[in-house]
Structures are given as C-alpha cells and as structure tokens.
Amino acid sequence: MQSPSRPRQVGLALLITLILIIFWQVPALAQGPTDEQLELGGRLYAENCAVCHGSSGEGRVGATLSKDWPSIRPDLRVRTVIEEGVSGSPMPAWSQKKGGPLSDEEIEALTLYILSWETGGVPPLPTLAVTPRPPITPIPEVEGDPNRGAVLYDENCAVCHGSNGEGRIGARLAKEWPAIRPDLRVKTTIERGVPGSPMSAWGRTYGGPLTGTDIDDIVAFIVSWQASADMVELVPTPTPAPSALSGPLGVVVMLVALLALVVVGVIGALARRE
Ligand code: HEC
Ligand code: HEC
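Residues numbered from 1 in each chain as written. Chains lettered and ligands numbered in written order. Predicted model: local features only at pLDDT ≥ 70, side-chain atom pairs only at ≥ 80, totals over all residues. Heavy atoms only, no water.

1. Notes on the site of ligand 1
Taken together, the neighbourhood of ligand 1 is formed by 21 residues, with C49, C52, H53, K67 and M91 sitting nearest. Within the side chain of H53, one N or O atom sits 2.8 Å away from a nitrogen atom of ligand 1. Within the side chain of R77, a nitrogen or oxygen atom sits 2.9 Å from an oxygen atom of ligand 1. In terms of residue count, the dominant contributor to the shell around ligand 1 is helix α4 (residues 74-84) (4 residues). When its residues are assigned to classes, the shell around ligand 1 shows 15 nonpolar, 4 polar and 2 charged. (Near = heavy atom within 4 Å. Polar contact = N/O pair within 3.5 Å; in protein donor to acceptor, adjacent residues only side chain to side chain. Helix = DSSP H or I, 4+ residues; strand = E, 2+ residues; numbered from the N terminus. Nonpolar A, V, L, I, M, F, W, Y, C, P; charged D, E, K, R; others polar.)

Here it is, written out as structure tokens:
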C-alpha cells in the first residue's frame, strides 16, 4: 500500500481548513442582525434618537440605552417602548400604528442596533454630515443670529420638525405665523414647551438645555423661513458597521477560501502527475 505523498497531505489539510472556515462562517451569517439592519438602525438612530439619548446611547434628555436590559426578552421590551412611546414623558411613539413615522422593519432595525450595545459590540454611529446652509440674512427687527440658530436647530429640533421646518412628529414651522410678533410667540413656545406633548421646554429657566441667546438665534432662524424658500437636506453618511465575519471581512475570507481551492487543485494535479 502506497502512503499518500507530501503534497497530497498538504492539500488535504488545506481542504479541511477550508471546510471549517465555511462552516464557521455560515452560522455567523445566519444568526443575529445583518449588516443592512445594523446600518439602517444606526442611521435611523442618528436621525431620530441621538438628540435625546446621546450618540452612543449614553442618555441626555432621554434615558440611557447602552446598558444591560434587565428583562429576559430585552428585544420585546425595547421594541414596545419604541413603538408606543412612554406616555407622559418626552418619549414619543414611533410606530406608524401609533401615528409615528417608522415602519415595523425600521423599528426592528433600531431595536437590533440598540441591543448591540448590550454585547459591547458598539457599531460606530453614522455621522450626520450636514450640508452647510446658504447664509441667511437676519430679519431687521428680530434679535439673534439665524446662522448660529440653524446649527442649533439641526442639532436639537430637526429630528421632530424636519430640516426645513416641514414638520414630522413636531408641527410644521416653515409657515406664516399668525401673530404680529411671531418671534415672541415662537420664543415663548420654545422656552416653555407644550405641556402634555413631545415638545419639551428648552429654556434653562424651565429646566431645558438652551440659553436665552441660543433660543434667540433659533427663533431668528425659524422666522427667516417666512422670507425664504431655501431648502436644505440633512444627508447621513453611514459608516459600515462591522459584525462578526460578514461584510468586508467576510468577502476577504471568501476570497482566501477561493484561492485555497485553486492551490488545492494545483497541488492535487501535481501529486497525480508524480
Ligand atoms: C424628545 C426626546 C426623545 C426622543 C427623540 C427619543 N426618546 Fe426615547 N426616551 C425619552 C425619554 C425621556 C425616555 C424615558 C421615559 C420614561 O421612562 O420616563 C425614553 C425612553 C426610551 C426607551 C426605554 C428606556 C428604558 O430604560 O426603559 C427606549 C428603548 C427608547 N427611549 C428608545 C428611543 C428610540 C429608539 C428613539 C428614536 C426612534 C427615541 N427613543 C427617541 C426621550 C426621547
Ligand atoms: C420630540 C419632538 C420635538 C422636538 C425635539 C422639538 N419639538 Fe417643537 N414641537 C413638537 C410637537 C409635537 C409640537 C406640537 C405641540 C402641540 O401643539 O401639541 C411642537 C411645537 C413647536 C412649536 C409651536 C408650533 C406652533 O405652530 O405653534 C415651535 C415653535 C417649536 N415646536 C419649536 C421647536 C424648536 C425650536 C425645537 C428645538 C429647540 C423643538 N421644537 C424641538 C415636537 C418637538
């Protein structure tokens, strides 16, 4: 009986490695959130939730989300809160069933994204790359710097009122205000909020995060919509979220595997020729 030649042993070893890699890869792809889900979740989070919960879930106006959830099925708990909101708190309901803007699929992606913080595998948050707005000419009788206000608006208000004040969860702000001094009316609403609605009080005096100057600047910006029709879009540029071996790394592994196949083939052919 002839013992297998050296190249054949090497080939066999390579083949076994290859099979192991593939079998290890398949479950990694089958379970857990897909890249698409994490990417969608991250984008939706940046657009809708980071303003209150912080960009890494550390909590701001809203609760801390990057934590270990004490329930057995944290996914159900997180999903329900996102769908239904927390009544009597600034946490709005997000599901379309409850009058919110998000589909079931989007809420699923958000839930998976938030729960991924629990395992410590924090996918990087997509950065909101804000197209600079064209310079805004201040309205003479209105105090405040509309250009600084625009930046504050994008950070705090666009999430609910839309980047052009077109309205989302929050009311439409790009409109003709029926008051004689719309700036004063808008300012009071921002300072005090609208009790019993998701519109919280933003003024320091009322427990909010913004100073008087901040609010004056935002008001100048909001009121400037009456005079202009410039539209600007907030475009998130998502950074790819690394997960297990799927994604770019998965592709690399597959390429290596293909290469290994070719090597095995060549070695096999050589061995047969001997
Ligand atoms: C306007 C601010 C605000 C926004 C925007 C907001 N939240 Fe909240 N969220 C809150 C507050 C406040 C609470 C705490 C409510 C309470 O329990 O009193 C909360 C609670 C939660 C909880 C439950 C936390 C816990 O410990 O039980 C989850 C989950 C959550 N938010 C997810 C989201 C997601 C996802 C989004 C974006 C789609 C979002 N939130 C947007 C303010 C906000
Ligand atoms: C979590 C969502 C949310 C955020 C964030 C938010 N708002 Fe609101 N806002 C609302 C809702 C909802 C209303 C409508 C309240 C009502 O009348 O029931 C509202 C109402 C208003 C109104 C009154 C509109 C009118 O027609 O009288 C103004 C002005 C306003 N918001 C400005 C702001 C500004 C400025 C910011 C940022 C500093 C901000 N909002 C942040 C949800 C939000």
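2. Observations concerning the coordination of the iron atom of ligand 1
Only H53 (NE2) and M91 (SD) from the protein reach the iron atom of ligand 1 as donors, at distances of 2.0 to 2.1 Å. Classification of the site at the iron atom of ligand 1 rests on its 6 donor atoms, whose angles at the metal span 87 to 177°, yielding the label octahedral. Here M91 lies in the loop between α4 and α5 (104-115) and H53 lies in helix α3 (residues 50-53), a separation of 38 residues in the sequence. Its relative accessible area of 10% is what places H53 among the buried residues. (Donors = N, O, S within 2.8 Å, 3.2 Å for Na, K, Ca; no water. Tetrahedral: all angles 85-135°; square planar, octahedral: opposite > 155°, others 65-115°. Buried < 20%, exposed > 50% of the residue type's maximum accessible area, 1.4 Å probe, protein only.)

3. A look at the site of ligand 2
The immediate surroundings of ligand 2 are formed by 23 residues, with C157, C160, H161, K175 and M199 found nearest. In the model, an oxygen atom of ligand 2 is placed 2.7 Å from a nitrogen or oxygen of the K175 side chain. At 2.9 Å, a side-chain N or O of R185 approaches an oxygen atom of ligand 2. Mapped by element, the contributors of at least two residues to the shell around ligand 2 are α7 (158-161), α8 (182-192) and α9 (212-224). If you tally residues by element for the shell around ligand 2, the top one is α8, at 4 residues.

4. Section: the coordination of the iron atom of ligand 2
Ligation of the iron atom of ligand 2 by protein atoms is provided by H161 (NE2) and M199 (SD), these donors lying 2.0 to 2.1 Å from the ion. Among the residues examined, H161 registers a relative accessible area of 10% and is labelled buried. Accessibility expressed as a relative area gives 22% for M199, which makes it partly exposed.

5. Considerations on the nonpolar core
One finds Y153, I190, I218, I222 and W225 to be the most contacted residues of the largest nonpolar core, which totals 22 residues. Contributing elements (two or more residues each) for this core: α6 (146-156), α8 and α9. Top element by residues in this core is α9. It accounts for 7 residues. Core analysis: the next-biggest nonpolar cluster, separate from the first, contains 19 residues, A50, W94, L110 and W117 among them. (Core = buried A, V, L, I, M, F, W, Y, C linked by side-chain atoms within 4.5 Å.)

6. Side note on the confidence of the model for the chain
Model confidence for the chain is summarised by a mean pLDDT of 79, while 78% of its residues fall at 70 or above. Of the regions scoring below 50 in pLDDT, residues 237-244 engages in 19 contacts with residues more than four places distant in sequence or in other chains. (pLDDT = per-residue confidence, 0-100. Contact = heavy atoms within 4.5 Å.)

7. Section: the side chain of D183
By the secondary structure assignment, D183 is in helix α8. For D183, the side chain forms a polar contact with the side chain of R181, separated by 2.8 Å. Residues in contact with D183, not counting those within four places in the same chain, are V142, V219 and V223.

8. Focus: the pattern of salt bridges
Within this structure, the stated rule accounts for 8 salt bridges. Between E47 and R43 there is a salt bridge whose closest N-O contact spans 3.6 Å. Taken together, the positions of E47 and R43, both in helix α2 (residues 35-48) and 4 residues apart, correspond to about one turn of that helix. One salt bridge in this structure joins R148 and D217, with 2.6 Å as the shortest N-O distance. You can see R148 sitting in helix α6 and its partner D217 sitting in helix α9, a full 69 residues away along the chain. Several salt bridges converge on common partners, so that one network encompasses R148, D214 and D217. (Salt bridge = Lys/Arg side-chain N within 4 Å of Asp/Glu carboxyl O.)

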